[in-house]
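Structural overview
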Amino acid sequence: MQPSWVRELWYAAAVAAVLLLIGWIGGHPALFVLLGVAAYLGWHLFNLARLQRWLQGREKAQLPVAPGVWGDVFDELHRMQARNRKRKQKLARILIRFQEAASALPDATVVLSTTGEIEWFNDAAQHLLGLRWPDDAGRRIVNLVRHPEFINYLGAGDYSKTVELPSPCAADVRLTALIVPYGEQNRLLVARDVTRLHRLEQMRRDFVANVSHELRTPLTVVNGFLESLNEDASECPPQWTRSLQLMKQQTTRMKNIVNDLLMLSRLETDQRASAQNDVAVPDLLEAIVTEARALSGERAHSIHLDADPTLWLRGNEDELRSAFSNLIFNAVQYTPARGEIHVRWYGDAQGAHLAVRDTGEGIAAHHLPRLTERFYRVDTGRSRQSGGTGLGLAIVKHVLNRHGAQLRIHSELGKGSTFTCDFPVSSKTQRQGEARSAERVYRDINPVFRA
């Protein structure tokens, strides 16, 4: 079957030939051809106008009917209209099923536009976020959920993590919010009720804090009596000497665990920003390295310090001392005798950095993600033998979080480990103050922190 435009071309040629013949017989061939062309053009313009009115929606009836090529065009448009109608019905059914499924989700789900306006939300969003349909449709989400951390999270553009906030309609309900980008700069807000988990975590923290406080007093009493007995060892039977020494070691270890648990509890429960001052990190590190050399003792580690004397840090000195001490003392505890430990404090365009590198045995890759967990040990027997509590890196992690910093760990078996603290640019301060001697700093702070 020939295409419609080919048939139309043959039809136009036939009409032109007939008109030319009639005009030749009548003595005016050009006039008849001109009239035929005008009529043919008028017919096309008439059908084109009908098509335009139909496309603009001026004609509510079905597509026009016409012979020839225009009939084929109208028929094809009619078939296309039928296909589009079926496609719209299918999409409408899919959209209804999606909305029904999303409405049944227990998590609040909110569809946001590129500028943060609410386009749609499910039933859970009404209970958890206090949204109302259709009153809140088209309103900006930050005008309804006004928690500062959520506003900063939404504006930052980094949605790799979640943010925790209280529910706008119930202060005792805790939510975790996650933004999921999709399409062309559209975003999906998902908020989950984590009140039960939050309460369980709070109960765990309270339990640890209370038990630690309760254990501190009896441990202090027992430790005091053991110290007295050890001082008067000459009056004790010889067979008790070894037992008293072991008891003294274990009570000291228990005291260290209790102190570290109390510090962790304080870091976790105290949501207030710690006092921020300009900390002389070079002097602080010099004092800690001096202690580390004393801790090394007969193992004779080679401990090197490379610190920028003008680079200070905005933060809490006691907390930073705890974190830095744990990292450096850990390196001493887990580096073989006569090994090397390098401590470097430097700054660059990304911020300030403390790198502690040792030549110890290294840590297998599958242990690295869990190193900052409480009581997690790579080698349990060796950690207990060295007197470690298994809480040092957990303390480091919490201190760094309170300072907006991060801990990076790189380690290879047989080649040693490097622990790096990355502080943001906003924490850096440049000072040209007079440096204190290591001996003076040591006398001033003299901290005792466990690995």
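Quantities reported herein were computed from a predicted structural model and do not represent experimental measurements.

**Some remarks on the overall build of the protein**
Scanning the protein for helices and strands turns up 12 helices and 13 strands. Here the protein holds 451 residues, and 38% of them are scored as buried. Put simply, 61% of the contacts in the protein that link residues at least 6 apart link residues at least 24 apart. Of the roughly 26800 Å² of accessible surface on the protein, a fraction of 57% belongs to carbon and sulfur atoms.

**Looking at the sheet that holds strand β12 (residues 416–423)**
Two modes of strand pairing occur in sheets, parallel and antiparallel, and in both the strands are linked by backbone hydrogen bonds. In spatial order, the strands read β7-β9-β10-β12-β11; together these five strands make up an open sheet with mixed pairing. Strands at the two margins of the open sheet, each flanked by one partner only, are β7 (302–307) and β11 (406–412). Direction aside, the axes of adjacent strands within the sheet are offset by 10 degrees on average. Looking at chain direction, strand β10 (residues 351–358) and β12 are connected through six bridges and run antiparallel. Residue pairing for β12: A352 is matched across the bridge by F423. Against the sheet, helix α8 (residues 281–296) engages β7, β9 (340–348) and β10, with an angle of about 180 degrees to β7.

**Observations regarding the nonpolar core**
Counting 45 residues, the largest nonpolar core has F324, I328, W345, L354 and F423 as its most contacted members. Sorting the residues of this core by element identifies α7 (241–269), α8, β8 (311–315), α9 (317–333), β9, β10, α11 (392–402) and β12 as the ones contributing at least two each. It is α9 that contributes the most residues to this core, eight residues altogether. Setting aside its immediate chain neighbours within four residues, I328 contacts L285, I288, A292, V343 and V356.

**Considerations on the pairing of strand β4 (residues 170–182)**
In this structure, strand β3 (residues 163–167) lies alongside β4, joined through five bridges in antiparallel fashion. Looking at the pairing, S167 lines up with A170 of β4. Between β3 and β4, which pair antiparallel and follow one another directly, the connecting turn spans two residues. With eight bridges connecting them, β4 and strand β5 (residues 186–193) associate as antiparallel partners. Within β5, the residue paired with V180 across the bridge is L188. Where β4 folds back onto β5 in an antiparallel hairpin, the turn is made up of three residues, including G183, whose phi is positive at roughly 60 degrees.

**Describing the pattern of salt bridges**
Scanning the entire structure with this criterion turns up 10 salt bridges. Of the charged contacts, one joins K415 and E412 as a salt bridge, the two residues approaching to 3.5 Å between their closest N and O atoms. K415 sits in the exposed class, given a relative accessible area of 62%. One salt-bridge network, in which partners are shared between bridges, spans E317, D318 and R321.

**As for a nonpolar patch on the surface**
Nonpolar side chains collect at one region of the surface, where L21, W24 and I25 lie side by side and expose about 400 Å² of accessible area between them. Position of I25 relative to the elements: it lies in helix α1 (residues 4–26).

**Here we look at the side chain of S167**
Structurally, the position occupied by S167 is in strand β3. Among residues more than four places away in sequence, those in contact with S167 are L128, V173 and L175.

**Side note on the packing of helix α2 (residues 29–55) against helix α3 (residues 68–104)**
At a minimum axis distance of 11 Å, the contact between α2 and α3 shows a crossing angle of 15 degrees. Considered as vectors, α2 and α3 are oriented roughly parallel to each other. As α2 runs across α3, the sense of the crossing is right-handed. On α3, the residues touching W43, H44, N47, L48, L51 and W54 of α2 are V69, W70, F74, L77 and Q81.

**Overview of the environment of L371**
With respect to the helices and strands, the residue L371 is situated in the loop between β10 and α10 (380–386). Residue class for L371 comes out buried when judged on its relative accessible area of 7%. In this structure, the C-alpha to C-alpha distance between L371 and K397, residues 26 residues apart in sequence, is 9.9 Å. Every residue in contact with L371, bar those within four places of it in the chain, is listed here: I363, Y376, V378, L393, I409 and F419.

**Considering the sheet that holds β8**
On the basis of which strands lie adjacent, the open sheet formed by three strands has the order β6-β8-β13 and antiparallel pairing. Here the strands that pair on one side only, and so sit at the sheet edges, are β6 (277–279) and β13 (428–430). When strand polarity is set aside, the average angle formed by the axes of neighbouring strands in this sheet is 40 degrees. Summarising the sheet, β8 and β13 pair through three bridges and their orientation is antiparallel. What sits directly across from W312, in β13, is T429.

**Some words on unusual backbone geometry**
A cis amide bond links W133 with the next residue in sequence, P134, at an omega value of 5 degrees. Here P134 shows up in the loop between α4 (123–128) and α5 (148–156). Here A300, not a glycine, exhibits a phi torsion of approximately 50 degrees, which is positive. Relative to the assigned elements, A300 resides in the loop between α8 and β7.

Cut-offs used in this document
Residues numbered from 1 in each chain as written. Predicted model: local features only at pLDDT ≥ 70, side-chain atom pairs only at ≥ 80, totals over all residues. Heavy atoms only, no water. Helix = DSSP H or I, 4+ residues; strand = E, 2+ residues; numbered from the N terminus. Buried < 20%, exposed > 50% of the residue type's maximum accessible area, 1.4 Å probe, protein only. Contact = heavy atoms within 4.5 Å. Areas by Shrake-Rupley, 256 points an atom, 1.4 Å probe, with all protein chains shown as cover. Pairing = 2+ DSSP bridges. Axes fitted to C-alpha atoms, helices over the stretch in contact; angles between N-to-C directions. Core = buried A, V, L, I, M, F, W, Y, C linked by side-chain atoms within 4.5 Å. Salt bridge = Lys/Arg side-chain N within 4 Å of Asp/Glu carboxyl O. Patch = residues over 30% accessible without salt bridge, like charges linked within 9 Å, V, L, I, M, F, W, Y side chains within 5 Å. Parallel < 35°, antiparallel > 145°, perpendicular 65-115°, else oblique. Left-handed = near helix turned anticlockwise from the far one by under 90°.

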